[in-house]
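These are the residues of each chain, in order.
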Amino acid sequence: MKEKQLIFITGIFGLIASIIVGLGEFLLHYSDQLIGNAENYNFFTFVPQNNLIYGHFLAVIGTPLYFVGYYHIYKMLKGKENKWAFIVFTLGIIAFTVGGFWITSRAFLGTIVHLKEQMNSDIYTQILENYTLLSESLVQVLRVVILLLSIFFIISILKSKTYYNKWMAITNPILLLILVFSVYFVVPSIGKYIAPIAMNVVHFILFSLSLYQFSKNYK
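Given the structure is predicted, the values throughout are model-derived calculations rather than measurements.

Side note on the overall build of the protein chain
Phase 1 of the analysis: When its secondary structure is counted, the protein chain shows seven helices and zero strands.
Phase 2 of the analysis: Each helix and strand of the protein chain, ordered N terminal to C terminal, gives the series α-α-α-α-α-α-α.
Phase 3 of the analysis: Relative to its length of 219 residues, the protein chain is compact, with a C-alpha radius of gyration of 19 Å against a globular reference of 17 Å.
Phase 4 of the analysis: Dimensions of the protein chain, computed from the C-alpha atoms along their principal axes, are close to 65 × 35 × 25 Å.
Phase 5 of the analysis: Per-residue burial for the protein chain yields a buried fraction of 47% across its 219 residues.

In structure tokens form, the structure reads like this:
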């Protein structure tokens, strides 16, 4: 396979990942009662159990495609020619490994929330506390990794020759993530649909712009 075809196909895989995982995470997390029910994961009460099952398997199937997608980013940063590119690629793999561990826990958590009325309240509280420590903490790790990835993404584009125009640096994942959550707080009626799948919205934009840059700049 020629390098041009490889870069294009891996970019398409990244775009597909954002769609499949985004749909899965939407099924896992969205309900009309999402706003105002975040405490103790109560929003899961309003998520149908079938959505938890379908969403779980969609997210699990789609997550590995992100690894392929980050190879596209690596090649767009000109790989071995750019000393920062491998750092971005490595952090991308770490980010979606951590994110993959987290996403696989959500359907099970939702099931536990659905069973709340059938459980001893003290045991239920302890389960949620343990979940927060063991799984929800991964979200904080993910955000730190995405921040570092974004920093090196910016450095890579501004300091090295890549297939990206320099303006692409402002479309780094952490800035896009901030913009997505800003929509949630400024226009909740729209934001409630994208906030539950924020990281996937970010990467749908990122891979779309990357493929656009590929079509314009790859020689």
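From this point, the discussion proceeds with the structure in view.
Some thoughts on the packing of aromatic side chains
Phase 1 of the analysis: Per the counting criterion, the structure on display carries 18 aromatic pairs.
Phase 2 of the analysis: The interplanar angle of 50° and the centroid separation of 4.9 Å between the aromatic rings of Tyr163 and Tyr218 together place this pair among those described as tilted. With Tyr163 in the loop between helix H4 (121–159) and helix H5 (173–186) and Tyr218 in the segment after helix H7 (198–217), this residue pair connects regions lying 55 residues apart in the sequence. Neither residue differs from the other here; Tyr163 and Tyr218 are each classed as buried.
Phase 3 of the analysis: Cluster of aromatic residues (ring-pair linked, three or more members): Phe8, Tyr163, Phe214 and Tyr218.
Phase 4 of the analysis: Taking NZ or CZ as reference, Lys78 lies 4.7 Å from the ring centre of Tyr163, over its face.

Here we look at the pattern of salt bridges
Phase 1 of the analysis: In this structure the tally under the stated criterion is two salt bridges.
Phase 2 of the analysis: In this structure, Lys75 and Glu3 form a salt bridge, with 3.0 Å as the shortest nitrogen-oxygen distance. Taken as a pair, Lys75 in helix H2 (residues 49–76) and Glu3 in helix H1 (residues 3–29) lie far apart in primary sequence, 72 residues in all.
Phase 3 of the analysis: Accessibility expressed as a relative area gives 38% for Glu3, which makes it partly exposed.
Phase 4 of the analysis: Ionic pairing is found between Glu136 and Arg106, a salt bridge with its closest N-O pair at 2.9 Å. Pair noted here: Glu136 is in helix H4 and Arg106 is in helix H3 (residues 85–114), with a separation of 30 residues, a long-range link.

Some points on the environment of Trp102
Phase 1 of the analysis: Following the sequence through the fold, Trp102 ends up in helix H3.
Phase 2 of the analysis: For the pair Trp102 and Leu138, spaced 36 residues apart in sequence, the C-alpha separation works out to 6.4 Å.
Phase 3 of the analysis: Leaving out residues up to four positions away in the same chain, Trp102 has contacts with Glu25, His29, Tyr131, Ser135, Glu136, Leu138 and Val139.

Thoughts on unusual backbone geometry
Phase 1 of the analysis: A positive phi angle, close to 60°, is found at Tyr41, a residue other than glycine.
Phase 2 of the analysis: Note on placement: Tyr41 falls in the loop between H1 and H2.

Examining the side chain of Asn200
Phase 1 of the analysis: The residue Asn200 is located in helix H7 in this model.
Phase 2 of the analysis: The exposure class assigned to Asn200 is buried, which follows from its relative accessible area of 3%.
Phase 3 of the analysis: If we skip the residues at most four places from it in the chain, Asn200 touches Ser18, Val21, Gly22, Glu25 and Tyr66.

So, how was this worked out
- Residues numbered from 1 in each chain as written.
- Predicted model: local features only at pLDDT ≥ 70, side-chain atom pairs only at ≥ 80, totals over all residues.
- Heavy atoms only, no water.
- Helix = DSSP H or I, 4+ residues; strand = E, 2+ residues; numbered from the N terminus.
- Rg over C-alpha atoms; globule rule 2.2 N^0.38 Å.
- Buried < 20%, exposed > 50% of the residue type's maximum accessible area, 1.4 Å probe, protein only.
- Phe/Tyr/Trp six-rings, centres within 6.5 Å; stacked < 30°, edge-to-face > 60°.
- Lys NZ or Arg CZ within 6 Å of the ring centre and 35° of its normal.
- Salt bridge = Lys/Arg side-chain N within 4 Å of Asp/Glu carboxyl O.
- Contact = heavy atoms within 4.5 Å.

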